[in-house]
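Chain residues, written in single-letter form:
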Amino acid sequence: MSLNKRIVLLILSTIAIVSIVISSVILISSQKRIQEETMALLDKTSENNALLFNRNMESVEEIAYNIRIAVESSFDADQIGNTDYLRDYELFLEDIIYKMLEEKLMVDSGYMYFDPSVDSNETHDVWLSDLSRSDTIERQEEVDFNFYSEQKDKRQWYHRPKETGLSGWTDPFSGTLDYIMDEIFVSFTTPVYVDDVFIGVAGSEFYLSNMIVYLDQAQLSDDAFGFVLNEELELVIDGGITDQDVLTDSKRMIRNGELGVQRYGHKLIKYVTLSNGWHMVFSMNASQTEKISSEVIALLVTTLIILGLVLITASLIMNNMLIRPIKALIKYVSDLSSGKYDQVPSHILLNSSEEIHRLTSDLQKLSLSLKTTYDDISHYKDSLEERVDYHTKELSQSQEILENALSANEEKNQTLTDLNKKLNETMNQMKDMQYRVIQSEKTGSLMSTILNLSKEFHKPLKAFSSNLLELKSLSEDIKDDMISFEAFKADFLSKSQNCLDALKDMIVLIDKFKMLDQEFSKSIKKQVDLGHYLTYLLGEIVSVKSTAHVLIDTDKLEYVMNELVLNAKLHSRGRVHIDLAVEDEIIITVTDDGIGMTDQVKNLALSPFYSSLPEREGLGLSISSNIVESMFSGKFIIESNLNQGTRIKLILPKDKLCVQ
């Protein structure tokens, strides 16, 4: 067989193996998909049937509550005991219940049973139902007094709401009357009170057989079934269950709150809790998918066994036809690579297929060429060694030169180290000089401030001294001149008042500077409601959007607010307004409708002794901003544009001032 045919055989074997693997993966994936689809179908069917049944139960509850509302809103309690009224009222109520049932097709009946205490002579009830299953709602005959005296557990739909005052569902029970004892009912009842007096029970019901229809509709296969458990996990509808293990597993699922489709052994179980607290359970056998899975696995095992036998046979054939010559060829090539150029090919290669025989001949030619090349390389190697020795000597000389250069470089590095040390000393001297210059600038600034203070104090002191001299002159002139005492008295009082005003100005200046004194700033803080305090301090110009209880130095706060209001009034056209807002921070805003400020004036406004009014000393805003920022840890912000008024904001930290 030629090499081409052998390669084709190898490719076909590989394709067969890959096909088997892909088929196995597809079969396993399909089997898994079948299981997932089965579980999804069980889950969806269970939810849909439970949803239908819940709608039915909600309709039953709605009818019962609507009957109760109708009776409580229309029944006249003063007519209790009046048989004629009750008979007429039954007809009235019959018409109402009939209309309710016509609108709710999923509900089987609606009723109102009056308590015997309503009329001691007769019983009264209105029960409309389709007992004949003819799609015709008819009023059923009324019960007698014996009906109410029967066992309470037999009439739990009536006696339980009467005794507890609570609405609720009953367990399934046999028909209310003897002639319908073969019908099973599930009822929702609610007590009816008129003027706090119990007058009976309103209710609605459906037939249990309707519920069984929902369970039958959910059967996905012949071995699937459904059943219903009440709140106490007792069977309400057995659904033909015969496997007690399924019942036990279902109860455990419900107690543990395991939702979704669960697998127990060969069973798939899913439960849905209904609106009345019951549990609708569906189960089906998962053995069908397992059967498919086992058949697939058996098919795969059989296929693999057959494939293994085919591969073993093919391997033996390939070994004789292709692998042995290839191994011999590899050995021959290995000998050539190790330098055995005189090696003769084995008889396997010489007697092999045409392609391998031709390849062997080419390798023999190659070996001769390699031998010649090897001899040339050996000669070149000897020449190369001589050149390597020569270059080694040159490298030794270069190394000596490099070592000398490194020695010289170390001397230069030492010189640079010394220069760096001197540079650090010079930098330290410059830093010391810079510190002295800063201290000198601070001293100059302090002297400038003191000079300004002396000028400010000089004004009231000069006025005070001038008035004192004039008072002295007046006292001497009164001896020489014959002025009237009244004129002297008036002039004396005027000059005295001027002295007093000058002293007051000095006191105001001193108080303002005291506000900047850190020792004086350690005054007693008070706890106040900020909104009430600002309103008390400044009157109706304050608008309180929200307030807070704060612990603050009220004297300094009073100073700041008075300065801001006075400054606003001096520059306003008549309107000054204050807003207080408490959010993440406390924000006090003082707004006026004055001429506003230019950028130059705004930049100078907080500078000490700067004022746009000649009669003002220019300290109010400067001291106020210092108090807000350094003593209240807040922010002092000026917002102003020319001819658009001025707004000053005090932003105070809520976390530091507010009382928790």
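Keep in mind it's a predicted model, so treat the numbers as computed, not measured.

The subject of this paragraph is the overall build of the protein. For the protein, the count of helices and strands is 15 helices and 19 strands. Here the protein holds 660 residues, and the buried ones make up 36% of them. In the protein, 61% of the contacts between residues at least 6 apart in sequence involve partners at least 24 apart. A total accessible area of about 39,800 Å² is found for the protein, and carbon and sulfur atoms account for 55% of it.

This part is about a nonpolar patch on the surface. Together, Ile11, Leu12 and Ile15 make up an exposed nonpolar region whose accessible area comes to about 290 Å². Structurally, Ile11 is set in helix H1 (residues 3-74). With a relative accessible area of 45%, Ile11 lands in the partly exposed category.

Among the 7 residues in strand S12 (residues 279-285), 6 count as buried, and that is most of the element. Sheet topology places strand S8 (residues 225-229) next to S12; 5 bridges connect them, and they run antiparallel. Directly across from Gly226, in S12, lies its bridge partner Phe282. Hairpin connection, strand S11 (residues 267-273) to S12: the antiparallel pair is bridged by 5 residues, and Gly277 has positive phi, about 95°.

One non-glycine residue, Asp195, lies in the positive phi region at around 55°. Turning to its location among the elements, Asp195 is positioned in the loop between strand S6 (184-194) and strand S7 (197-207). Overall, the relative accessible area of 62% leaves Asp195 in the exposed class.

Of all the positions in helix H11 (residues 530-538), only Leu530, Gly531, Tyr533, Leu534 and Leu538 are classed as buried. The arc that holds the buried residues of H11, viewed along the axis, is 165°, so those residues lie on one side. For H11, exposure combined with an orientation more than 90 degrees from the buried face picks out His532 and Tyr536. Elements that come into contact with the buried residues of H11 comprise strand S13 (526-529), strand S14 (542-544), strand S15 (549-552), helix H12 (554-571), strand S16 (576-582) and strand S17 (586-592). Measuring from the backbone nitrogen of Gly531 back to the side-chain oxygen at the start of H11 gives 3.1 Å, which picks out Asp529 as the cap. Looking one or two places after H11, you find Gly539, whose phi comes out positive at around 85°.

Moving on to the sheet that holds S11. The strand order across the open sheet formed by 5 strands is S9-S8-S12-S11-S10, and the pairing between neighbours is antiparallel. Edge strands, defined here as strands with exactly one partner in the open sheet, are strand S9 (235-237) and strand S10 (262-264). Sheet twist, expressed as the mean angle between neighbouring strand axes with direction ignored, is 35°. Bridging between S11 and S12 involves 7 bridges; their strand directions are antiparallel. Its bridge partner lying in S12, Thr273 is registered against His279.

Let us now look at the pattern of salt bridges. Opposite charge on two side chains lets them pair, provided their charged atoms get close. Tallying each qualifying case throughout the model produces 14 salt bridges. Note that Asp95 is salt-bridged to Lys99, the shortest N-O span being 3.5 Å. Taken together, the residues span about one helical turn, with Asp95 and Lys99 both in helix H2 (residues 83-103) at a distance of 4 residues. Note that Arg252 and Asp249 form a salt bridge whose closest N and O atoms lie 2.7 Å from each other.

Here Ser640 is to be found in strand S18 (residues 635-640). Residue Ser640 is classed as buried on the basis of its relative accessible area of 4%. Between the C-alpha atom of Ser640 and that of Asp599, which follows or precedes it by 41 residues, the distance is 8.4 Å. Setting aside anything within four residues of it in sequence, one finds Ser640 in contact with Gly596, Met597, Lys602, Gly645 and Thr646. Polar contacts involving the side chain of Ser640 include one to the main-chain amide nitrogen of Met597, which spans 2.8 Å.

It is worth spelling out the nonpolar core at this point. If you look at the biggest cluster of nonpolar residues, it comprises 45 residues, and the most contacted ones within it are Ile67, Val71, Phe75, Leu93, Met112, Phe114 and Ile199. The biggest single contributor to this core is H1, with 10 residues. Excluding its chain neighbours within four sequence positions, the residues that come into contact with Met112 are Ile67, Val71, Leu93, Ile97, His124, Asp125, Val126, Val192, Ile199, Gly200, Val201 and Ala202. Counting 40 residues, the second-largest nonpolar core is a separate cluster that includes Met561, Ala605, Leu619 and Ile638.

Before going further, it helps to examine the environment of Phe147. Within the fold, Phe147 resides in helix H3 (residues 145-149). On the accessibility criterion, Phe147 (5% relative accessible area) is buried.

Spatially, the 5 strands line up as an open sheet ordered S14-S16-S17-S19-S18, and their pairing is mixed. The sheet is open, and its two borders are formed by S14 and S18, each paired with just one other strand. Ignoring which end each strand starts from, the neighbouring axes of this sheet average 15° apart. Bridge count for S18 against strand S19 (residues 646-652) is 6 bridges, and the pairing is antiparallel. Each bridged residue has a counterpart across the sheet, and for Phe636 the counterpart in S19 is Leu650. Running at roughly 165° to S14, H11 makes contact with S14, S16 and S17 of the sheet.

It is worth spelling out the packing of aromatic side chains at this point. A complete count under the given rule lists 14 aromatic pairs for this structure. With a centroid separation of 5.7 Å and 65° between ring planes, the pair formed by Tyr193 and Phe198 is classed as edge-to-face. Of the residues examined, Tyr193 reaches a relative accessible area of 30% and is grouped as partly exposed. An aromatic cluster is defined as three or more aromatic residues linked by ring pairs; in this entry it consists of Phe75, Tyr85, Tyr89, Phe92 and Phe114.

This part takes up the layout of surface pockets. Approximately 430 Å³ is the volume attributed to the largest pocket. Surrounding the largest pocket, 30 residues form its lining, Asn567, His571, Met597, Ser612 and Leu621 being those nearest its centre. Elements represented by at least two residues in the lining of the largest pocket include exactly H12, S17, helix H14 (620-631) and S19. Considering every element that reaches the lining of the largest pocket, the biggest residue donor is H12, with 6 residues. Grouping the amino acids of the lining of the largest pocket by side-chain chemistry returns 14 nonpolar, 12 polar and 4 charged.

The rules we used
Residues numbered from 1 in each chain as written. Predicted model: local features only at pLDDT ≥ 70, side-chain atom pairs only at ≥ 80, totals over all residues. Heavy atoms only, no water. Helix = DSSP H or I, 4+ residues; strand = E, 2+ residues; numbered from the N terminus. Buried < 20%, exposed > 50% of the residue type's maximum accessible area, 1.4 Å probe, protein only. Contact = heavy atoms within 4.5 Å. Areas by Shrake-Rupley, 256 points an atom, 1.4 Å probe, with all protein chains shown as cover. Patch = residues over 30% accessible without salt bridge, like charges linked within 9 Å, V, L, I, M, F, W, Y side chains within 5 Å. Salt bridge = Lys/Arg side-chain N within 4 Å of Asp/Glu carboxyl O. Pairing = 2+ DSSP bridges. Arc of directions from axis to C-beta. Polar contact = N/O pair within 3.5 Å; in protein donor to acceptor, adjacent residues only side chain to side chain. Axes fitted to C-alpha atoms, helices over the stretch in contact; angles between N-to-C directions. Core = buried A, V, L, I, M, F, W, Y, C linked by side-chain atoms within 4.5 Å. Phe/Tyr/Trp six-rings, centres within 6.5 Å; stacked < 30°, edge-to-face > 60°. 1 Å grid on protein atoms, 1.4 Å probe; cavity = no way out; pocket = protein on both sides within 12 Å on 5 of 7 lines; lining within 4 Å. Points joined across faces, edges and corners; volume = space filled by probe spheres on them. Nonpolar A, V, L, I, M, F, W, Y, C, P; charged D, E, K, R; others polar.

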